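# Understanding the architecture of this molecule
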Protein chains: 2
Amino acid sequence: MGYNIYTSVLDLPVSADLAVILTPARFIPEIITQCGKKGIKHAVIESAGFREMGKEGCRVEKDLLAASKRFGIRFIGPNCVGLINTLNGLYVPFIELPSEFKKGNVSVMSQSGGIGLSLAERLNNPGLGLSKFVSMGNKLNMDEADLLAYLIKDPDTAVIYCYLEDFKRGRDFADIALRSSKPVILHKSNTNPLSNIIANSHTAALAVDDKIVDVACTHAGVVRVQSIEEAIFAIKGISMPLLQGKNLAILSRSGGHAVVAADMCATYGFNLPQLHPGILEEAKNHFRAGVIKIGNPMDLGDIFDLNIYSRIVEKIIQQPDIHGIVYIHVSQMVIENEDSIQLIKKLNELSFKYDKPVAIIAEVPLSFQRMLMEKITHPFFMDPIEAFRALALQYRYASFRQKKSHTVKEVAFPLQENAKIWVEEIQQKGRQPLLHEALNLLDGLGIPTAPWKMVTFFSEARKAADKMGYPVVIKAVTPSLLHKSDQGGVTLNIRNVEILEKQWKEIHARFKDIVGIVLQKMIFASREMIVGAKKDPSFGPVVLVGMGGILVEAMQDVSMRLAPVNEDEANEMIDQLRGVKILEAFRGMKAADRHTITQCLGTVSQLMHHFPEIQEIDVNPLIFSDDGNYSMALDARIICSNVTSQ
Amino acid sequence: MGYNIYTSVLDLPVSADLAVILTPARFIPEIITQCGKKGIKHAVIESAGFREMGKEGCRVEKDLLAASKRFGIRFIGPNCVGLINTLNGLYVPFIELPSEFKKGNVSVMSQSGGIGLSLAERLNNPGLGLSKFVSMGNKLNMDEADLLAYLIKDPDTAVIYCYLEDFKRGRDFADIALRSSKPVILHKSNTNPLSNIIANSHTAALAVDDKIVDVACTHAGVVRVQSIEEAIFAIKGISMPLLQGKNLAILSRSGGHAVVAADMCATYGFNLPQLHPGILEEAKNHFRAGVIKIGNPMDLGDIFDLNIYSRIVEKIIQQPDIHGIVYIHVSQMVIENEDSIQLIKKLNELSFKYDKPVAIIAEVPLSFQRMLMEKITHPFFMDPIEAFRALALQYRYASFRQKKSHTVKEVAFPLQENAKIWVEEIQQKGRQPLLHEALNLLDGLGIPTAPWKMVTFFSEARKAADKMGYPVVIKAVTPSLLHKSDQGGVTLNIRNVEILEKQWKEIHARFKDIVGIVLQKMIFASREMIVGAKKDPSFGPVVLVGMGGILVEAMQDVSMRLAPVNEDEANEMIDQLRGVKILEAFRGMKAADRHTITQCLGTVSQLMHHFPEIQEIDVNPLIFSDDGNYSMALDARIICSNVTSQ
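Cut-offs used in this document
Residues numbered from 1 in each chain as written. Chains lettered and ligands numbered in written order. Predicted model: local features only at pLDDT ≥ 70, side-chain atom pairs only at ≥ 80, totals over all residues. Heavy atoms only, no water. Axes fitted to C-alpha atoms, helices over the stretch in contact; angles between N-to-C directions. Helix = DSSP H or I, 4+ residues; strand = E, 2+ residues; numbered from the N terminus. Parallel < 35°, antiparallel > 145°, perpendicular 65-115°, else oblique. Contact = heavy atoms within 4.5 Å. Nonpolar A, V, L, I, M, F, W, Y, C, P; charged D, E, K, R; others polar. Expected span 1.5 Å × (residues − 1). Pairing = 2+ DSSP bridges. Right-handed = clockwise from strand over helix to strand, strands pointing away. Buried < 20%, exposed > 50% of the residue type's maximum accessible area, 1.4 Å probe, protein only. Domains from an automatic or database assignment. Buried area = accessible area lost by both parts, 1.4 Å probe. Salt bridge = Lys/Arg side-chain N within 4 Å of Asp/Glu carboxyl O. Left-handed = near helix turned anticlockwise from the far one by under 90°.

Residue and element names in this part refer to chain A. For the pair helix H1 (residues 28–37) and helix H2 (residues 55–71), the least separation of the axes is 8 Å and the interaxial angle reads 5°. Looking at the two axes, H1 sits roughly parallel to H2. Here Ile 28, Pro 29, Ile 32, Thr 33, Gly 36 and Lys 37 of H1 lie close against H2, whose contacting residues are Val 60, Asp 63, Leu 64, Ala 67, Ser 68, Arg 70 and Phe 71. The residue makeup of the contact of H1 with H2, split by class, is seven nonpolar, three polar and three charged.

See below:
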């Protein structure tokens with residue numbers, strides 16, 4: 001075809017902006033070295049055969065990294081199909097593509113070339129289109145955080161779709177997304193043991209705790225989707241003006257579709273407020289047979305002039321408490337096709353004029369749907385459920401944006417200095433903190449604990465019990481136990497000094513390495529929660545709240561967030577629990593003191609955030625008195641790093 | 001157009017098989033009378049304006065029913081678009097349709113003409129097509145049970161899709177579906193307050209408890225869907241050979257799609273067993289670059305000859321523990337189009353040859369998808385998630401079919417005679433059963449109860465307490481209370497005779513209408529359940545089991561079935577509870593005696609089934625000892641009909 005072929009990069013007559021490499025893996029370190037010598041600073045490595053193929057691949061990978069580092073070369077891949085920029089016509093994938101992709105403002109960054117190209121293909125849809133495409137492959141040099149940061153800055157990108165099989169820099173990705181002014185849609189796969197093996201052999205991806213991916217998305221306002229289909233719904237949703245609330249009006253030419261749409265409103269958490277009587281009256285004036293009652297949803301089956309539809313929609317969209325409109329266009333008659341196209345165009349105009357979404361569903365024969373695909377320049381939907389899923393995904397993003405724009409109440413951490421001293425002491429001791437040390441930290445941080453005292457002699461124990469009043473609890477403090485109650489280290493509900501003495505002796509006989517006894521006031525309460533935190537390898541500290549009590553714990557009613565959390569977030573976490581209503585006045589009990597939970601969540605999360613030495617915290621149980629007067633922690637466990645583990 | 005027009009049915013020169021009526025509602029009773037006089041026995045009434053439009057409509061409805069009854073006329077509607085039979089060309093809807101619908105073996109019965117026609121339109125899809133269509137409207141004469149029975153018998157119908165906004169004869173519908181040899185797909189809308197109003201004005205539909213609709217579907221093997229889209233997935237799924245188990249093999253030309261498909265396997269509860277080493281070896285022999293690891297899912301990205309694909313699929317489909325195959329066809333290259341079509345045809349053949357489903361996903365450009373729609377005669381999918389949803393819906397049906405073919409263990413009801421005597425006594429007394437009477441019934445039915453005695457004098461109480469041993473409980477038996485513990489009618493944990501006497505006096509002072517006291521042994525147990533039953537207006541008796549204890553009840557962890565249930569069904573109900581694992585050996589407690597629960601569920605359900613006088617039963621709590629040795633009911637409440645309610 002008139003182009004020269006060279007057998008070495010060094011033979012090139014000039015340098016280049018970009019090297020695209022597709023040779024067997026073992027030759028690539030040398031080719032990168034040649035690129036470096038030739039002054040080429042950017043590469044796309046498409047070949048597979050690295051880490052995902054085992055030991056030999058890992059060795060080649062090491063050489064590749066060394067070569068690229070030596071010359072400061074940034075590269076995409078390996079094990080990918082590379083880049084596309086529809087605006088300047090750069091297409092480097094090694095596979096034949098059917099034609100150019102439709103131009104648009106959606107950029108795609110994908111750990112799988114196949115998924116990325118499928119998504120790009122489906123952007124060939126009214127109102128959508130592709131801007132930049134990058135297949136990330138093994139992410140050996142440029143990873144998801146680098147590319148996300150790039151696309152957020154890119155002026156030709158308005159919406160970012162990201163497909164990942166693992167995270168290389170999860171917390172960085174989340175923090176970059178959090179600061180983004182552009183919507184980020186994440187399709188994170190490889191969520192379970194069935195996919196872990198194939199994902200590892202596909203792009204060398206490792207498994208991440210999938211619940212924490214959800215938590216990170218909530219944190220960063222990333223819209224998570226589970227399929228390509230759902231990604232397209234999300235993109236369509238976000239391409240409409242954003243919802244400022246959850247109130248919709250539904251208009252339909254078929255009563256049945258209106259009923260189904262009303263069901264979906266409820267399923268997706270939207271409301272259907274009443275329409276102004278004036279609007280209803282006007283619609284009614286156009287009715288022919290007068291056999292349909294009118295409201296919201298509005299069944300337009302009795303109006304046959306489509307011009308009237310847009311007039312009704314314009315009235316409704318101006319009603320202040322209506323935040324968006326769903327219009328189900330049912331039409332079987334060919335003679336209506338031209339009017340239908342005009343109506344849909346008009347509704348799109350109204351949507352942008354009044355800055356409220358109008359989701360249009362074309363319940364029409366396939367042939368007319370295809371015609372609409374040609375003639376309409378904004379997204380529309382093929383089924384009401386698509387529209388509701390799109391609006392629900394959009395609302396998730398819109399409400400995150402709204403929330404982000406408010407000033408939020410930070411959780412105070414005034415006692416950080418106490419924590420610092422505590423952590424330093426544990427580090428000096430070089431061992432995991434014992435029960436009394438964990439309780440000491442809670443006290444130092446202002447988290448209420450049940451009255452307790454660390455004692456080593458029985459005389460002390462007797463004095464302490466007299467002072468706090470029976471019944472009491474004793475808990476063995478031993479390095480070997482780290483106070484697991486199911487191993488006999490705890491005796492509950494001791495009612496008098498005789499029983500105390502007996503139990504004291506028994507517990508000392510049971511544990512040879514006993515350091516002392518925590519004597520604690522026995523507290524009775526029907527309601528318990530757990531507060532905990534741990535460090536995730538991809539996303540760092542994560543904080544958790546759950547309903548407690550052994551029977552309730554079996555139901556795994558928990559809610560998580562990335563640490564630190566502020567008071568609003570802590571309240572959100574609690575509200576997400578299925579069992580939250582028992583914290584209100586419930587079956588004769590007074591409302592629980594909720595502030596203790598939010599304070600405990602905030603403090604624990606700040607602790608994890610500021611002190612990387614702390615690996616894990618469990619405050620369990622946190623109890624709430626039936627009379628609503630007090631709430632306090634009864635037990636705590638803390639695991640640190642850089643100490644001997646016992 | 002050369003046809004005569006008559007102004008009265010009486011003027012017709014001959015009689016007719018069917019009258020199709022579309023006049024204002026008020027004229028219809030007279031027209032039906034004319035039909036009757038003319039010997040016309042069947043009608044479709046398309047007009048609206050009856051019950052759904054209020055009082056005047058109700059009056060017309062009454063006249064219509066009287067007229068049709070007088071002449072024995074069966075009719076469809078009113079308020080509907082009528083019938084279609086694609087096979088003989090009968091099309092009666094009043095709206096213009098684009099053309100004839102594609103012929104096929106799916107029949108549609110829909111309470112909404114709009115939804116029914118949308119569904120029929122979407123049957124214009126490879127492998128699908130419409131047989132009969134009926135829009136049911138207000139179901140004034142022919143209802144969902146009549147039409148379902150008709151379509152089950154219809155030789156031209158293989159699959160039945162049904163859209164309902166309410167049930168006129170819910171239990172009949174479920175029982176007819178249960179006996180059906182054809183799959184029934186139900187889209188029941190009008191599930192919540194937002195849709196209730198519009199559904200009522202649309203087809204005069206009333207709300208039904210939506211959870212009980214789910215329960216009825218489970219009972220009858222009806223596949224419930226929530227949208228037209230999902231109905232199409234279900235129809236596609238059921239059009240494939242049925243799964244005999246949950247083991248799939250996934251083949252994909254893209255590693256990313258394989259990872260996502262493996263995730264979906266987990267989401268929808270499928271497994272991915274290992275493939276025989278011989279099969280893997282054979283596939284590997286065809287690899288070109290050797291840069292892909294092979295397993296299940298199988299990434300075929302390294303094989304470029306499509307003929308080899310069908311050979312590999314044929315090997316896999318013969319592996320006995322593989323029940324179905326998902327094949328994701330990714331192809332962007334136009335030169336592959338012809339080979340792709342041949343491959344898809346070949347895979348369809350293999351599916352029917354080996355009687356196992358092969359779900360094909362065409363991840364191809366839109367233009368090629370359209371070509372496939374023309375050339376392929378079996379269903380295929382546009383997105384992996386569609387295929388998995390179709391297989392999951394199909395599996396629900398297939399496993400119901402399998403289960404139905406097994407002989408099931410009925411729950412014995414040997415003590416029915418005791419129940420009969422009890423019910424007769426209550427009916428004679430003419431009042432709601434009191435606590436001791438309810439406990440008597442449980443005893444009579446062999447459901448274990450904690451030791452109890454009905455006493456009226458303190459001397460009796462003391463003697464009974466001495467005999468059963470302290471601690472004891474006392475419960476006031478009064479018609480006004482029907483033993484609600486939160487009104488002070490119960491005193492727990494009475495430890496000796498002095499407290500018993502004091503509490504005896506207090507409880508007598510509190511309730512003036514006291515009939516006696518139930519004295520009961522105080523039983524301590526960590527685990528509680530509730531068993532209950534009630535009568536649903538549409539579906540008759542429904543039985544329920546749930547995790548108990550006030551904190552756990554807040555989480556509404558319950559499972560329901562239509563009564564009666566056999567032992568398998570009772571076990572299924574228990575297994576569906578989120579908290580089921582606490583019934584196993586749990587945190588030091590022994591496994592709970594599960595047989596008591598299944599026996600209690602079976603007995604309560606038989607009781608409801610055989611004795612329509614019983615409206616509601618609550619056995620709450622049913623407790624399980626920590627040592628696993630016993631389980632027993634502590635309390636019961638029974639509500640009867642035909643008695644004065646107090």
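So that's the structure; there's more coming.
Residue and element names in this part refer to chain A. With 17 residues, helix H12 (residues 337–353) extends 24 Å from end C-alpha to end C-alpha; this agrees with the ideal 24 Å at 1.5 Å per step. Close packing links the buried residues of H12 with helix H11 (306–317), strand E13 (324–330), strand E14 (358–363) and helix H13 (366–375). Asp 355, located one to two residues past H12, shows a positive phi value of around 55°.

Residue and element names in this part refer to chain A. Bridge count between strand E1 (residues 19–21) and strand E2 (residues 42–45): three bridges; the pairing is parallel. When the bridges of E2 are listed, Ile 21 appears paired with Ile 45. One crossover worth recording links E1 to the parallel E2 by way of H1, and it is right-handed. Relative to strand E3 (residues 74–76), E2 runs parallel, the two sharing three bridges. Residue pairing across strands places Ala 43 opposite Phe 75, the latter belonging to E3. With respect to chirality, the unit in which E2 leads through H2 into the neighbouring parallel E3 is right-handed.

This next bit is on unusual backbone geometry. All names here are of chain B. The peptide bond linking Gly 77 to Pro 78 adopts the cis configuration, its omega dihedral lying at -5°. The step from Asn 620 to Pro 621 runs through a cis peptide bond, and the omega angle for that step is 0°. Position of Pro 621 among the secondary structure elements: in strand E22 (residues 614–624). With phi around 55°, Lys 139 is a residue other than glycine that occupies positive phi space. With a relative accessible area of 2%, Lys 139 lands in the buried category. Phi at Asn 190 takes a positive value of approximately 65°, unusual for a residue other than glycine. The topology assignment puts Asn 190 in the loop between strand E9 (184–188) and helix H6 (193–203).

Residue and element names in this part refer to chain B. If you walk across this open sheet you meet the seven strands as E5-E4-E7-E6-E8-E9-E10, and the pairing is mixed. Bordering the open sheet on either side are strand E5 (90–91) and strand E10 (223–225), each of which pairs with just one other strand. Both strand E8 (residues 159–164) and E9 contribute to a ladder of five bridges, which runs parallel. Among the inter-strand pairings, Leu 164 is bridged to a residue of E9, identified as Lys 188.

What follows covers the domain arrangement of chain A. Residue and element names in this part refer to chain A. When cut into domains, chain A gives domain 1 (9–235), domain 2 (239–403), domain 3 (406–449 + 526–646) and domain 4 (451–522). Averaged C-alpha coordinates put domain 1 and domain 3 at centres separated by 38 Å. Counting residues at the interface gives 13 residues for domain 1 and 10 residues for domain 3. For the pair domain 1 and domain 3, the two sides together bury roughly 1,100 Å², of which 69% comes from carbon and sulfur. The three residues of domain 1 that bury the most area against domain 3 are Arg 171, Ile 212 and Val 215, which together make up 52% of that side's buried surface. Seen at the junction of domain 1 and domain 3, the total is one salt bridge.

Residues and elements named next belong to chain A. If you walk across this open sheet you meet the seven strands as E5-E4-E7-E6-E8-E9-E10, and the pairing is mixed. Every other strand in the sheet has two partners, leaving strand E5 (90–91) and strand E10 (223–225) as the edge strands with one partner each. Pairing of strand E9 (residues 184–188) with E10 involves three bridges; the strand directions are parallel. Bridged to Leu 186 within E10 is Arg 224. Across the face of the sheet, helix H5 (residues 170–178) comes into contact with strand E6 (103–110), strand E8 (159–164) and E9 while running at roughly 155° to E9.

Another point: the packing of helix H20 (residues 567–575) of chain A against helix H21 (residues 594–610) of chain A. Residues and elements named next belong to chain A. Where H20 meets H21, the axes come as close as 9 Å, and the angle between the chain directions of the two elements is 115°. Viewed along their axes, H20 and H21 form a crossing whose handedness is right-handed. Residue-level inspection shows Glu 567, Ala 570, Asn 571, Met 573, Ile 574 and Asp 575 of H20 in contact with H21, the latter providing Arg 594, His 595, Ile 597, Thr 598 and Leu 601.

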